[in-house]
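# What the coordinates show
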Amino acid sequence: MATKPPLVLLVRHGTHQTTGKVLPGRARGLRLADSGKKQAERAAERIAELGKIAALYSSPLERARETAAPISRALRAPVRIDRGLLECDFGAWTGQSLRRLMKKPEWTTVQRSPSVFRFPDGESFVEMQTRMVGALDVIRRRHPGQTVVCVSHADPIKAVVAHAMGTPLDLFQRIVISTCSVSAILYTDTAPIVLTINSTGGSLRDLRPS
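Our subject in this report is the structure included herewith. All figures in this text were calculated on a predicted structure; none of them were measured in a lab.

One ladder, built from five bridges, connects strand 5 (residues 182–187) with strand 6 (residues 192–199); its direction is antiparallel. In the strand pairing of strand 6, Leu186 is matched with Ile193. Between strand 5 and strand 6, which pair antiparallel one after the other, the connecting turn spans four residues.

Spelled out as structure tokens, the structure:
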């Protein structure tokens, strides 16, 4: 009997104090806002409806770990920290105001041709996508035929979804990944199948393997 393909649920962390205002990157000490904690609780409830989850992984940043905490309680599963799920390293842009960054001439490249851009003293989008896809390859191979949850960040999740869909990285900015949204990818032997993107409400029961 053939092994069922692994299902990976990608969860973006909840809202924090600077969401939509600055580019937080890998800055330490960013905690979830009260609204973000409520989002995380709701995400945990939705994921728990799926039943058996083999493992829960999280980026090491505080906002991701705080999002993973209620999921861990709901699933009665420990949180496994994986550095491959980290936010993109925005280098010298880390912590800067988005309004200010949008005025930079490089911002157009970030939005329209991200595949050729590297953040000053930081990571390129290509490196970020390669890192994230590689991390998920390792994780899903640990759990053949099972469902796993990975808590990460907007750009890494967008990059993984684009890769799974065969979408060029230069178009990945057209994908929206909202706070505490769930995106699901089924990794079959032939190709990844994207089951849902940016799901923020309603039941996830349709994602159960048939």
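After presenting the structure, the write-up continues.
Taken N-terminus to C-terminus, the directions of helix 5 (residues 125–142) and helix 6 (residues 154–165) make an angle of 75°; their axes are 9 Å apart at the nearest point. Considering their axes alone, helix 5 and helix 6 lie roughly perpendicular with respect to each other. Seen from helix 5, the contacting residues are Phe125, Met128, Gln129, Met132, Val133 and Leu136; seen from helix 6, they are Asp155, Pro156, Ile157, Ala159, Val160, Ala162 and His163. Looking at side-chain class alone, the contact of helix 5 with helix 6 contains ten nonpolar, two polar and one charged residues.

Between its terminal C-alpha atoms helix 6 stretches 16 Å, which fits the 16 Å expected from twelve residues at 1.5 Å a residue. Buried residues dominate helix 6, accounting for ten of its twelve residues. Within helix 6, burial applies to Ala154, Asp155, Pro156, Ile157, Lys158, Ala159, Val160, Val161, Ala162 and Ala164. Turning to helix 6, the residues buried within the fold contact strand 1 (7–12), helix 5, strand 4 (147–152), strand 5 and strand 6. Downstream of helix 6 by one or two residues, Gly166 has phi in the positive range, about 75°.

This part is about the packing of helix 1 (residues 34–48) against helix 2 (residues 62–75). For the pair helix 1 and helix 2, the least separation of the axes is 8 Å and the interaxial angle reads 35°. Crossing of helix 1 against helix 2: the hand is right-handed. Residues Ala40, Glu41, Ala44, Ile47 and Ala48 of helix 1 lie in contact with helix 2, whose contacting residues are Thr67, Pro70, Ile71, Arg73, Ala74 and Leu75. Partitioned by chemical class, the residues of the contact of helix 1 with helix 2 number eight nonpolar, one polar and two charged.

Each value, and the rule that gives it
Residues numbered from 1 in each chain as written. Predicted model: local features only at pLDDT ≥ 70, side-chain atom pairs only at ≥ 80, totals over all residues. Heavy atoms only, no water. Pairing = 2+ DSSP bridges. Helix = DSSP H or I, 4+ residues; strand = E, 2+ residues; numbered from the N terminus. Axes fitted to C-alpha atoms, helices over the stretch in contact; angles between N-to-C directions. Parallel < 35°, antiparallel > 145°, perpendicular 65-115°, else oblique. Contact = heavy atoms within 4.5 Å. Nonpolar A, V, L, I, M, F, W, Y, C, P; charged D, E, K, R; others polar. Expected span 1.5 Å × (residues − 1). Buried < 20%, exposed > 50% of the residue type's maximum accessible area, 1.4 Å probe, protein only. Left-handed = near helix turned anticlockwise from the far one by under 90°.

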